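Letter by letter, the chains look like this.
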Number of protein chains: 2
Amino acid sequence: MNADPTLVARLPIELPALDWITDTARVARLSQDFAWFSPVLKRQLADKSADIAVRPRTEAEVRAVVAACARDAIPITVRGSGTGNYGQSIPLHGGVILDMSGYNAFCWVRGGAGRAQAGIRLADFDRQARPQGWELRWLPSTFRSATLGGLFGGGFGGAGSITYGPIAATGNVLGVRVMTVEPEPRLIELRAPDAMLLHHVYGTNGVVLELEVALAPALDWIESIVTFGSFDAALEFASGVGSAPGLVKKEVCFLGAPVPDYMSALAEYLPKGCHAVLVVMAESSQAGMENMAAAAGGRITYRKTAAESGSRTLLEYTWNHTTLVALKLDRTLTYIQSGFEPARHLEQVKALERLLAGEVMMHLEFLRTKDGAFNCSGLQLIRYSTEARLDEIMQIYREHGVTINNPHAFILEDGKQGELNPAVVELKRRFDPQGLLNPGKMRSWYALDADADEAYAPSVNADN
Amino acid sequence: MNADPTLVARLPIELPALDWITDTARVARLSQDFAWFSPVLKRQLADKSADIAVRPRTEAEVRAVVAACARDAIPITVRGSGTGNYGQSIPLHGGVILDMSGYNAFCWVRGGAGRAQAGIRLADFDRQARPQGWELRWLPSTFRSATLGGLFGGGFGGAGSITYGPIAATGNVLGVRVMTVEPEPRLIELRAPDAMLLHHVYGTNGVVLELEVALAPALDWIESIVTFGSFDAALEFASGVGSAPGLVKKEVCFLGAPVPDYMSALAEYLPKGCHAVLVVMAESSQAGMENMAAAAGGRITYRKTAAESGSRTLLEYTWNHTTLVALKLDRTLTYIQSGFEPARHLEQVKALERLLAGEVMMHLEFLRTKDGAFNCSGLQLIRYSTEARLDEIMQIYREHGVTINNPHAFILEDGKQGELNPAVVELKRRFDPQGLLNPGKMRSWYALDADADEAYAPSVNADN
C-alpha cells in the first residue's frame, strides 16, 4: 500500500513556503541511492519512488512537514545525500522524501566534541572543524557528499575506523536531537548510550536533527600506495601496519590482484597485476610504515601530503569507492561484505583467496571492532554470474567462519543487524507510533506490534 | 674486578672544568636506583657503587669523559634519574657514573615528533611540548624525575601504553644520537629501526645523547577513580574501557582489594575493602566511560580535570608507584611483573586471584602490546615470605600461561628480554668494543665474544 496521493498532493499547497520537489524525474532520483551496486537490490528497488520530496532549511520547516505527515499518515523517508548501498533511503511506500541536505549548519566544537545539523556534509564538517584543531573520527569514501545524519542513520564508519572502530563503538557518538513523528512533534535530546538506538536503523525510529560526536585531533596525513608481488606479503604488511599501536593511521586498505588493475586513474602507481596497500598515516608515523614496507618487500609508488594531493585523495579508492571504481569499468561485477574473526583473519583470507581467486577479488579494510579487536572487513568484488552462485559464495565464506553482512538486502534484520535490539523497536513505538518512518524496513516492528499497520509490512514487498 | 682506582682518581684532575662528584656518600647514592623494591636485588646490589660520578652539561663534556674512560678502560654506567627497578644504572664494577641529568635541553617539536637531550625529565619535556599542541606518548609513574634517556634505556612505557603500546612498538622512537666509547668517540645518528637496538639494554651498547620520538596530540585529560564491590565487575569494566576504540584514554589501572587500602592519601575516595579502577580519559570520552561504569555497577568517587588536580595526579598511584606507595606502608611486601595472554587475560586473572588471593594482591595495567593486541600486565604485590616461595608463585603464574618478567634480576637476559637480539651484541661490538658500558649486565656479550674481558662477566657476580 502506498501513501494516499491526494493527501500528499495537498502538502505543498498547505505549506507553500517550503522547498518542495514535485517533478517526477527529480523525485525519482531523490528516491534512489547506490543500491544498484547489488543486482538483487537493483531489481527489487529500481522502480521505488516517493510521491514528493521536500528540502527543509529550518527546524520549523522540518516540524511543519512531520506534523502534516503524522496527521495524514503519510510515510516519511529521511534522506541525506543518498550515498547508501542498501536502499536505506529508498521509500518502499511512496510518501515524502525528507531531504535533510539543506539542514546543514555547523554548530560548534568544544572539549574534543563537535555538533552539527544532520544534513551537513562530512567534508564540510571537517572543513569547519580543522581550523579548531579537530576532525571527524570516521570518513566513509563518500565523505564529499555524504551527510553526518546519513552516516549515523545508515553507515558504519570508514577511514578512521582503524583507530576509533565503527560509529557504534562507545564514545564515538555523544548525543542526538530527535523529532518525534506525531501531529504535535516533540523534540528530545538523547545522550549516549540511548542515542545509539537511532544508529543504523535507516531513520525508522525518529527524525535526527542534530548530532554531537567525539572528534579526533586534526593531524597532517600522508597518503601512500605500497605495491607487492606477493599476495601474502601485502596482506601481512597491511595487517602489521594496521595493528601497530605506535603507528597513527587513518586508513589501511588491501587490494589483492587484480583489483588494482581497475584503478585506471592511478595506473601509473599500480604496476599491472600487483597487490596494493593504500595507507593514510600521520606524518610522524610515515617512516615507521615505510620501514615495515621495506622489510616486507613492498615498494612505495605514491606518497603525498594533503597539500601535495590537492583535491585527489586515495580515500576515494577505498571502502565502497573501490567497488564503485571497478563497477564503472565493468558493470557485471558485484560485491559482498564480510567480517573475519580477529584471531584468524589472515588465515581465513588466505584460505578463501586460494579457493576463490579469479571469481572473488580480495578487497579488505582493516579496522578495530566495536570492542577494539583488530580485524579486517571484506568488500570483495565478485564476477557475478547468478544469484544462486552469489549465495553459494557467501555460504563458502560462512563455512570458513566468516560473517556475511549481506549487502543484497534492504530490510534491517536481513542485513548486518540481524536481530534488532528490542529497545530500538520500543523507541519507535514512542517516537513514531504510527510507523510512518521509512515503512517496510524494520521487520521487528510488524512482528512485535500487533497494532502496526500491516499494509507496510515487508512481506508485501518480498516478491516485488 | 673493578676499575683501577688510581686511573679513576686521575679523571677530575685531568678534566677539572667538569662537575665531578667524589664524596663517597653522594657517589653511593648516585649508584643506586629503586632496585630495593626487590629483596633479591637489594641483597645483591646494595653495596655496589661507582668510584666517582660526573654530570656533563655539554656534548663536549660527555665526549671528554668517554674518551678518557676508553683510553684507561674505566667502566662507565650511564644514569638518568635512577628511577629504575632492576639495577639498570647500578654499576657492578665501579668506575664512573655518567649522570646525564644535566644534559637536558629540549630541542624542538615538529610534524608530530619531538627531540630532546637524553637527560631531560619527562615532565619537563611535556611542559615544553604541550604549548605546541603535543605531549609524550608514554609517562611512567616516575615522570616527574625520570629522564627521556632513562625511559628509553631501561623503561617499558607507562601511562599512554594503552594507546601507543610500549616504547618498543614501531613508530614510537624515530631516532637517537649516539656516542661510541672509544679513545676518539664517534657521533652517530641512528634512525629506527636500528635506533631500537639501544632500547632497554641499560646503556650497554652506546651512550645515547639525544632522542627523537613520535608524540601524541596534547589532550585535556580527566582523572577518575571508579570503585566496585565485585572483583570481577571491576576487572571487566577496566578491560572494557581499556579496549573500547571510541574511548580515548591514557591510563586504566586495576587495583584488586586490598591494594586500594594502601593508598592512604586517597582514602576518602577508596572505601575500605573496595576494588578500584583508576582511569585517565580524554574529556570527550569521560561520558562514555561513566556510562560503562554505571552499567557495571561502579561508583565514580573521584573526578578531576588537570586544572582541578593541581599537582596531584592519579598517575602517581599507578604502575610501579602502586608498589612504592604500598611499600612505604609495609616494607615486607614485594612484587612480580607478569604478562597475560591477550585472548585469555580475564580468565587467567580470575583463576590466579581465586588461587592466591591474600598472598598475591592483584594490580594490573591495561595496555596494547607491541603488536597492538589488547592485554594487561600485572605488577602484583606479594606478601613476601621467602625467595623460594616467591619463585613458587612465579612458577604458578607460568603454569597458568602467564609470562613472568622477573623484576628480581639485574642481568638483561634474566629479566624481560630473554634471548638478546644478536644485532644488539653486534652493535655493542661496534660502539663499545672494550665492553666498558655498564659491564656485567649483558651476558651475551661475554658468551659470544671470546675476546671480551671476562673479568666483567656476570658469573663473577652470581653469588654476590
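Residues numbered from 1 in each chain as written. Chains lettered and ligands numbered in written order. Predicted model: local features only at pLDDT ≥ 70, side-chain atom pairs only at ≥ 80, totals over all residues. Heavy atoms only, no water.

1. Observations regarding the environment of Lys 42 of chain A
All names here are of chain A. Rules: Numbering of helices and strands runs from the N terminus, with a helix taken as a DSSP run of H or I at least four residues long and a strand as a DSSP run of E at least two residues long. Residues count as neighbours in contact if any of their non-hydrogen atoms are within 4.5 Å of one another.
Tracing the sequence through the fold places Lys 42 in helix H3 (residues 39–45). Placed 45 residues apart in sequence, Lys 42 and Gly 87 show a C-alpha to C-alpha distance of 9.1 Å. With sequence-adjacent residues up to four places away left out, Lys 42 is seen in contact with Ala 35 and Trp 36.

2. Points about the sheet that holds strand E1 (residues 20–21) of chain B
All names here are of chain B. Heads up, the rule is: Whether two strands pair comes down to DSSP finding at least two bridges between them. Lines fitted to C-alpha atoms define the axes, with helix axes restricted to the stretch in contact, and inter-axis angles between N-to-C directions lie between 0 and 180 degrees.
Read from one edge of the open sheet, four strands run E1-E2-E4-E3, paired in mixed fashion. Looking at the sheet topology across the chains shown, the edges are occupied by E1 and strand E3 (76–79). Both strand E2 (residues 52–54) and strand E4 (residues 96–99) contribute to a ladder of three bridges, which runs parallel. Bridge pairing in E4 links Ala 53 to Ile 97. Sheet contacts for helix H4 (residues 59–72): E1, E2, E3 and E4; angle to E4, the most-contacted strand, approximately 160°.

3. Describing the interface of chain A and chain B
The following threshold applies: Values labelled buried area give the accessible surface lost by two parts on being combined, using a 1.4 Å probe and summing over both. Take a side-chain nitrogen of Lys or Arg and a carboxyl oxygen of Asp or Glu: if they are within 4 Å of each other, that pair is a salt bridge. As used in this structure description, the phrase polar contact means that two N or O atoms lie within 3.5 Å; if the pair is within protein, one of them must be able to donate a hydrogen and the other to accept it, and residues adjacent in sequence are counted only when both atoms belong to side chains.
Across the boundary between the two partners, chain A contributes 35 residues, which contact 35 residues of chain B. Between chain A and chain B lies a buried interface of about 2200 Å² when both sides are counted; carbon and sulfur atoms form 59% of it. The largest per-residue losses of area from chain A upon contact with chain B belong to Thr 170, Pro 245 and Ser 284 of chain A, which jointly make up 27% of the total buried on that side. Counting the contacts that link chain A with chain B gives zero salt bridges. Inspection of the chain A/chain B interface yields eight residue pairs in polar contact (both at pLDDT 80 or more). Going through the elements one at a time, helix H7 (161–164), strand E10 (207–217) and helix H9 (286–295) of chain A are the ones with two or more residues in the side of chain A that touches chain B. For the side of chain A that touches chain B, the element with the most residues is H9 of chain A, which contributes three residues.

4. Comments concerning the side chain of Asn 205 of chain A
Residue and element names in this part refer to chain A. Our working rule: Burial status follows relative accessibility: with a 1.4 Å probe on protein chains alone, a residue under 20% of its type maximum counts as buried, one over 50% as exposed, and anything between as partly exposed.
Its location among the elements puts Asn 205 in the loop between strand E9 (187–191) and E10. For Asn 205, a relative accessible area of 1% translates into the label buried. Of note is the side chain of Asn 205, whose polar atom sits 3.3 Å from the backbone oxygen of Val 424. Apart from the residues lying within four places of it in its own chain, the contact partners of Asn 205 are Leu 197, Leu 198, Val 424, Leu 427, Lys 428, Phe 431 and Leu 437.

5. Some words on unusual backbone geometry
Residues and elements named next belong to chain A. Of note, the bond from Ala 192 into Pro 193 is cis; its omega dihedral lies within 30 degrees of zero at 5°. Among the secondary structure elements, Pro 193 is positioned in the loop between E9 and E10. Here Ala 257 and Pro 258 are connected by a cis peptide whose omega angle stands at 5°. Mapped onto the elements of the fold, Pro 258 is located in the loop between strand E12 (249–255) and strand E13 (275–282). Although it is not a glycine, Ala 73 adopts a positive phi angle of roughly 55°. Backbone geometry places Trp 319, a non-glycine residue, at a positive phi of 50°. In this fold, Trp 319 is placed in helix H11 (residues 319–329).

6. Digging into the sheet that holds strand E9 (residues 187–191) of chain B
Residues and elements named next belong to chain B. Strand order in this open sheet of five strands is E5-E6-E10-E8-E9, and the pairing throughout is antiparallel. At either end of the open sheet lies a strand with only one pairing partner, and these are strand E5 (106–110) and E9. Ignoring which end each strand starts from, the neighbouring axes of this sheet average 15° apart. Judged from the six bridges that link them, strand E8 (residues 173–179) and strand E10 (residues 207–214) form a sheet pairing that is antiparallel. Within E10, the position partnered with Val 178 by the bridge is Val 208. Taken strand by strand, H4 contacts E8, E9 and E10, and its axis lies near 55° from that of E8.

7. So, helix H14 (residues 422–431) of chain B
Note the cut-off: By arc we mean the arc of the directions from the helix axis to the C-beta atoms, nothing more.
Those residues of H14 of chain B that sit buried are Val 424, Val 425, Leu 427, Lys 428 and Phe 431 of chain B. The buried residues of H14 of chain B occupy one face: seen down the axis, they fall within an arc of 155°.

8. So, the packing of aromatic side chains
The geometry of an aromatic ring pair is captured by two quantities: the separation of the ring centres and the angle between the planes. Threshold: For Phe, Tyr and Trp, rings pair up if their centres lie within 6.5 Å, where Trp contributes its six-membered ring, and each pair is then called stacked (planes under 30 degrees apart), edge-to-face (over 60) or tilted (otherwise). For a lysine, the NZ atom is tested; for an arginine, the CZ atom; a charge sits over a ring if that atom is within 6 Å of the ring centre and within 35 degrees of the ring normal.
In the structure shown here, the tally under the stated rule is 22 aromatic pairs over all chains. With 5.1 Å between their ring centres and 85° between their planes, Phe 231 of chain B and Phe 254 of chain B make a pair best called edge-to-face. Taken together, the positions of Phe 231 of chain B in helix H8 (residues 231–243) and Phe 254 of chain B in strand E13 (residues 249–255) put the pair 23 residues apart, joining distant regions of the chain. Here Phe 231 of chain B falls in the buried class, since its relative accessible area comes to 10%. Judged by relative accessible area, which is 0%, Phe 254 of chain B ranks as buried. With a centroid separation of 5.7 Å and an interplanar angle of 15°, the aromatic rings of Phe 366 of chain B and Phe 374 of chain B are classed as stacked. The class for Phe 366 of chain B is buried, based on a relative accessible area of 1%. Assessed through its relative accessible area of 10%, Phe 374 of chain B is described here as buried. Among the aromatic residues, ring-to-ring pairing joins Phe 34, Trp 36, Phe 37 and Tyr 335 of chain A into one connected group. The ring of Trp 108 of chain A carries the charged tip of Arg 110 of chain A above its face, separated from the ring centre by 3.8 Å.

9. Points about the pattern of salt bridges
Residues and elements named next belong to chain A. All told, the structure shown has 55 salt bridges over all chains when counted by the stated rule. Across the pair Arg 71 and Asp 72 runs a salt bridge, and its minimum N-O distance is 2.9 Å. Residue class for Arg 71 comes out partly exposed when judged on its relative accessible area of 42%. In this structure Asp 72 comes out as buried when scored by relative accessible area, which is 13%. Here Asp 414 makes a salt bridge to Arg 443, at a shortest N to O gap of 2.7 Å. With Asp 414 in the loop between strand E21 (403–404) and helix H14 (422–431) and Arg 443 in helix H15 (residues 443–448), the pair connects residues that are 29 residues apart, well separated along the chain. Judged by its relative accessible area of 35%, Arg 443 is partly exposed. One connected set of salt bridges, linked through shared partners, spans Arg 115, Glu 189, Arg 191, Glu 210 and Glu 212.

10. Let's talk about the packing of helix H1 (residues 5–14) of chain A against helix H4 (residues 59–72) of chain A
All names here are of chain A. Which entries qualify depends on this criterion: Between 65 and 115 degrees an angle is taken as roughly perpendicular, under 35 as roughly parallel, over 145 as roughly antiparallel, and anywhere else as oblique. Throughout, a crossing is termed right-handed when the near helix is turned clockwise from the far one, and left-handed when it is turned anticlockwise from it by less than a right angle. When residues are sorted by character, Ala, Val, Leu, Ile, Met, Phe, Trp, Tyr, Cys and Pro go into the nonpolar class, Asp, Glu, Lys and Arg into the charged class, and all the rest, Gly among them, into the polar class.
At their nearest, the axes of H1 and H4 sit 11 Å apart, and the two run at 150° to each other. If you check the angle between H1 and H4, you find them roughly antiparallel. The handedness of the crossing between H1 and H4 is right-handed. Judged by residue contacts, Leu 7, Arg 10, Leu 11 and Glu 14 of H1 engage Ala 68, Cys 69, Arg 71 and Asp 72 from H4. Here the contact of H1 with H4 is built from residues that sort into four nonpolar, no polar and four charged.

That is the geometry; function is a separate question.
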